[in-house]
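Tertiary structure, described
One-letter residues, chain by chain:
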Amino acid sequence: MPDEFAIEMKGITKRFPGIVANDGINLQVKKGEIHALLGENGAGKTTLMNILFGLYQPDEGEILIRGQKVKITDPKKAIDLGIGMIHQHFMLVEPYTVLQNIILGAEPRNGIMIHYKKALARITELSEKYGLQVDPHRTIREISVGMQQRVEILKTLYRGADILIFDEPTAVLTPQEIQELMAIMRRLADEGKTIILITHKLKEIIAIGDRVTIIRRGKVVDSLPVRDTTTEELASKMVGRKVSFVTEKKEAQPGETILEFDNVTAYDDRGIQVLKGLTFEIRRGEILGIAGVEGNGQRELIEVLTGLRKAASGTIRLRGEQIQNRSPRQIAEMKVGYIPEDRQKRGLVLDFTVGENMVLKNYYTDRFCKNGLLQFDRIFQHASGLIGEYDIRTPSEKTNARALSGGNQQKVIIAREVADDPDLLIATQPTRGLDVGAIEFIHKKLIEQRDKGKAVLLYSLELDEIMNLSDRIAVMYEGRIVGVLDPRKTNEQEIGLLMSGGKTGEREVSA
Amino acid sequence: MMGFVKRLINESTMIPVFSVLVGLLLGAVIMLAGNYNPILAYGFLFSKAFGDMYNIGETIRQITPYIFTGLSVAFAFRTGLFNIGAEGQFIMGAIAAVSVGVLLELPWYLHVPLALVASALAGGFWGAIVGYLKAARGMHEVITTIMLNWIALHVSNYIVRTVLLEKGMARSKYIHESAWMSSPGISQMFDHARIHYGILLALALSALFYFLLWKTRQGFELRSVGLNPDASEYAGINVKNTFVKAMFISGVFAGIGGACEVLGVFHYQTINAAFPGYGLMGIAVALIGRNSPLGVVLGAVLIGVLTYGASGMKFGAGVPEELINVVIALVIFFVAASGIVEILLRRFRKKNRVVH
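Every value quoted in this text rests on a predicted model; they were computed, and no experiment measured them. (Residues numbered from 1 in each chain as written. Chains lettered and ligands numbered in written order. Predicted model: local features only at pLDDT ≥ 70, side-chain atom pairs only at ≥ 80, totals over all residues.)

Scored by pLDDT, chain B has a mean of 90; 94% of the residues are at 70 or more. As a predicted assembly, this complex carries a pTM of 0.79 together with an ipTM value of 0.84. (pLDDT = per-residue confidence, 0-100.)

Structure below.
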């Protein structure tokens, strides 16, 4: 049957200056299947999908949709061909209602008026057919992230999509919401929709995929049915070597308390209270993981701790000394290292050299500055030492940080923050967007710090990372710690329940 | 040495050079459209600017204030601030210097330095207001600098009118000769042109600009805030203080420029109905010079030569003087829209490669 494939991409090549993002890629997706596209960051998955969605033009190769050769010149053409994309970051107008968002740009009209009744009927029909529960009259602001995602899916269905591309759809969801999403995807596929799932999470592929295509460095490594493979095999194909999943670590040896939060409250930039009486502590020699759905006060917790945001009330003690509302520099000088969440925005001055970035926090000390003059010889010497020690791939210490890959940029930050031998190391989303090799390296470094008797505060949205690394897990929900769990005695379901505001009660241990 | 040559011809330095050429070329096209002879016009422009010692001296006089205001704008840019207020800071520096020059009687070795210090403080203060308003109240510096330009103009006029006025004239009294920055010696060297010691001070400040930004701890903070205020805050730099410091220093450059103009050229301050325009042209100079000290000096030379030479173009080839402003605008346009020039340059290079 010639139209057995919903999508065929043949020999797709796309070059960018200095890099071949897609190198002769062949992809065949059958109608009605869930086809996973697996690869590390920068492997070329997103480029390939952007080509399919008309955002880029391939340099070579051809695309067939339902057996017809097509040229997808722009996203509008893609939508006309029945292709819809659900982006990782939602494209929704916050003050508008669900209904208005779904029809935006494709409004049914009644003369010059929008025919809301007709739109509502169509949306109700779609949402019932595919099990996409939404509340059409609430504004985007008022609904959960899971429902926002369902709105995105409805948007594509409303426009008549029968090929749906999901770009890393689970990054912002709780474990329960992920379960719901998977059920929805299965139902869509059963109803005849074709689904492409872009992801680097192996578990999801095993759970829901029919077929998986693995891309590494712009080339297809393999394409095989999911039921014939294992996570281990997928991982080694993705990375190109064997990887160990379990981060090896010894039993924690917690010592004295380093940091104590006592009933801390704080407000966000809009004046809404985001920390509502936060109480916890960290001891030497342990990693405390902060779990939670994004936007439950984790970011503000870190900002208050590092002096970037004012605490409204409560006390924060570091080695017994009150530090709330001191300046970032005063806090950093008390042996606190901080790997920020956004390395390009907060962590680095991208147009400074690697050497300058390595001293971003202590350029003013006697070691690097004499009589107001910077001692560049020493700064660059210091940097080249760290470059060797942390295996940072850079042409030289005088190269601008911008020229480095994400993983190497992160290594620059970690080298800087760990070099000063901090007692407390704060790591926020330390592996976001990095490849498996870099993630392994960073996990090792965090555990190494713990084993040296430092306290590590880890905030991550990747539950696996929290589960693997933490000695204790504190779950945040709406500005409070709602439970502190032992990772050996808990599971994703329990954490997920706490993350979404449910109570488990029984296993809650005192902070 | 090879490295230096390479740096000279890399893309970011080629853009201003190329923009100047394109600007002059399009200027020529406009002249042709107006039935003027562009070769003749540019010939007279450059012979006016460099034709004899007097004109060379006068061209240098014209260049001098542009260096000061260009440095002022470029310095603020390096800290991420758009200083439209070099004009006002320039005026405040000038009025401070004239006040010291008229009201005090001192030996020259005290009088000139004191007038310069007064102008530096006045210009710096005028800039610091802007930095403070941004840091404390979050007011955008573009708005406040534009408003402060007008205030400076009228404060200066008020001081001239009430304190320093020469009876019956629309200007202040002459400053005492002990405060002059011009001397018969160099004036004679250039056939009585009004060239003065300000040019040496301008070049010295360009060197200071470089030293301050790239060698000192203070400069590290200023550049860091300019490139990434969020990372600077995270690194413990007081970003708000840095805004005030940067605007103060920026104002100092412009203020001293104002002083040199009155101490070196006019020896009095007029009651101005409109802005002298040096500060606003400083924005163009900084843009063309890409905010580097050497670039600012070269940019000032370009603008100085074009504006001074423009009268030659008029006398020699009958081309209206204002046309030079079109040429300057075109140059700025191509520097600002560097993307266009980059594409042109790349085309040009590709063609070269084919030929080889």
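Taken together, the contact pairs 14 residues of chain B with 22 residues of chain A. The set of elements that each furnish at least two residues to the side of chain B that touches chain A consists of helix 10 (217-227) and helix 11 (229-234) of chain B. Tallying contributions element by element places helix 10 of chain B first for the side of chain B that touches chain A, with five residues. Class assignment of the residues belonging to the side of chain B that touches chain A gives a composition of five nonpolar, five polar and four charged. (Contact = placed C-beta atoms within 7 Å. Helix = DSSP H or I, 4+ residues; strand = E, 2+ residues; numbered from the N terminus. Nonpolar A, V, L, I, M, F, W, Y, C, P; charged D, E, K, R; others polar.)

Grouped together as the largest cluster of nonpolar side chains are 180 residues, with contacts concentrated most on A:Ile426, A:Leu458, A:Val475, B:Ala97, B:Ile256 and B:Leu263. Here this core gets 14 residues from one element, more than from any other, and that element is helix 12 (residues 239-266) of chain B. The contacts of A:Val475, once residues within four sequence positions are left out, are A:Ala291, A:Gly292, A:Ile481, A:Val482, A:Gly483, A:Leu485, A:Ile495, A:Leu498 and A:Met499. Core analysis: the next-biggest nonpolar cluster, separate from the first, contains 61 residues, A:Leu27, A:Met49, A:Phe53 and A:Ile196 among them. (Core = buried A, V, L, I, M, F, W, Y, C linked by C-beta atoms within 7 Å. Buried ≥ 20, exposed ≤ 12 C-beta atoms within 10 Å, placed from the backbone.)

What follows covers the sheet that holds strand 4 (residues 60-65) of chain A. Residue and element names in this part refer to chain A. Across the sheet, which stays open at both edges, the four strands sit in the order 2-1-4-5 with antiparallel pairing between neighbours. The sheet is open, and its two edges are formed by strand 2 (19-30) and strand 5 (68-70), each paired on a single side. Adjacent strand axes in the sheet meet at a mean angle of 25° when their direction is disregarded. Here eight bridges tie strand 1 (residues 5-16) to strand 2, and the two strands are oriented antiparallel to one another. Its bridge partner being in strand 2, Lys14 is matched across the sheet by Asn22. Packed on one face of the sheet, helix 1 (residues 45-52) meets strand 1, strand 2 and strand 4 and runs near 115° to strand 1. (Pairing = 2+ DSSP bridges. Axes fitted to C-alpha atoms, helices over the stretch in contact; angles between N-to-C directions.)

Moving on, we get to the sheet that holds strand 12 (residues 219-225) of chain A. Residues and elements named next belong to chain A. Spatially, six strands are ordered 6-9-10-3-11-12 in an open sheet, and the strand pairing comes out mixed. Strands at the two margins of the open sheet, each flanked by one partner only, are strand 6 (83-86) and strand 12. Here the strands of the sheet are splayed against their neighbours by 20° on average, with no regard to which way each runs. The strands touched by helix 8 (residues 231-239) within the sheet are strand 3 (34-38), strand 11 (211-216) and strand 12, with strand 11 carrying the most contacts at an inclination of about 30°.

What follows concerns helix 6 (residues 175-190) of chain A. Residue and element names in this part refer to chain A. Taking 1.5 Å per residue as the helical rise, helix 6 with its 16 residues ought to reach 22 Å, and the 23 Å between its terminal C-alpha atoms agrees with that figure. Within the sequence span of helix 6, burial applies to Glu177, Ile178, Leu181, Met185 and Leu188. For helix 6, the angular spread of buried residues about the axis comes to 100°, placing them on one side. Exposed residues on helix 6 whose side chains face more than 90 degrees from its buried face are Ala183 and Asp190. For helix 6, the elements touching its buried residues are strand 3, helix 4 (116-130), helix 5 (145-158), strand 9 (163-167), strand 10 (194-199) and helix 7 (202-208). Count one or two residues on from helix 6 and you reach Gly192, which has phi positive near 100°. (Expected span 1.5 Å × (residues − 1). Arc of directions from axis to C-beta.)

Let us look at the pairing of strand 1 of chain A. Looking at chain direction, strand 1 of chain A and strand 4 of chain A are connected through five bridges and run antiparallel. Considered in strand 4 of chain A, the bridge of A:Met9 is made with A:Ile63.

Further remarks concern the environment of A:Thr257. Residue and element names in this part refer to chain A. Looking at the element boundaries, Thr257 is found in strand 13 (residues 257-267). Residues Thr257 and Arg284, 27 residues apart in the sequence, show an inter-C-alpha distance of 6.3 Å. Once residues within four sequence positions are removed from consideration, Thr257 is found in contact with Glu281 and Arg283.

Moving on, we come to the packing of helix 5 (residues 86-103) of chain B against helix 12 of chain B. Residue and element names in this part refer to chain B. Two elements in contact, helix 5 and helix 12, have axes separated by 6 Å at closest approach and are oriented at 50°. With respect to each other, helix 5 and helix 12 are oriented oblique. As helix 5 runs across helix 12, the sense of the crossing is right-handed. Two secondary-structure elements touch here, helix 5 through Ala86, Gln89, Phe90, Ile91, Met92, Gly93, Ala94, Ala97, Val98 and Gly101 and helix 12 through Gly251, Ala254, Gly255, Ile256, Gly257, Gly258, Ala259, Glu261, Val262 and Leu263. Taken together, the residues that form the contact of helix 5 with helix 12 break down as 12 nonpolar, seven polar and one charged. (Parallel < 35°, antiparallel > 145°, perpendicular 65-115°, else oblique. Left-handed = near helix turned anticlockwise from the far one by under 90°.)

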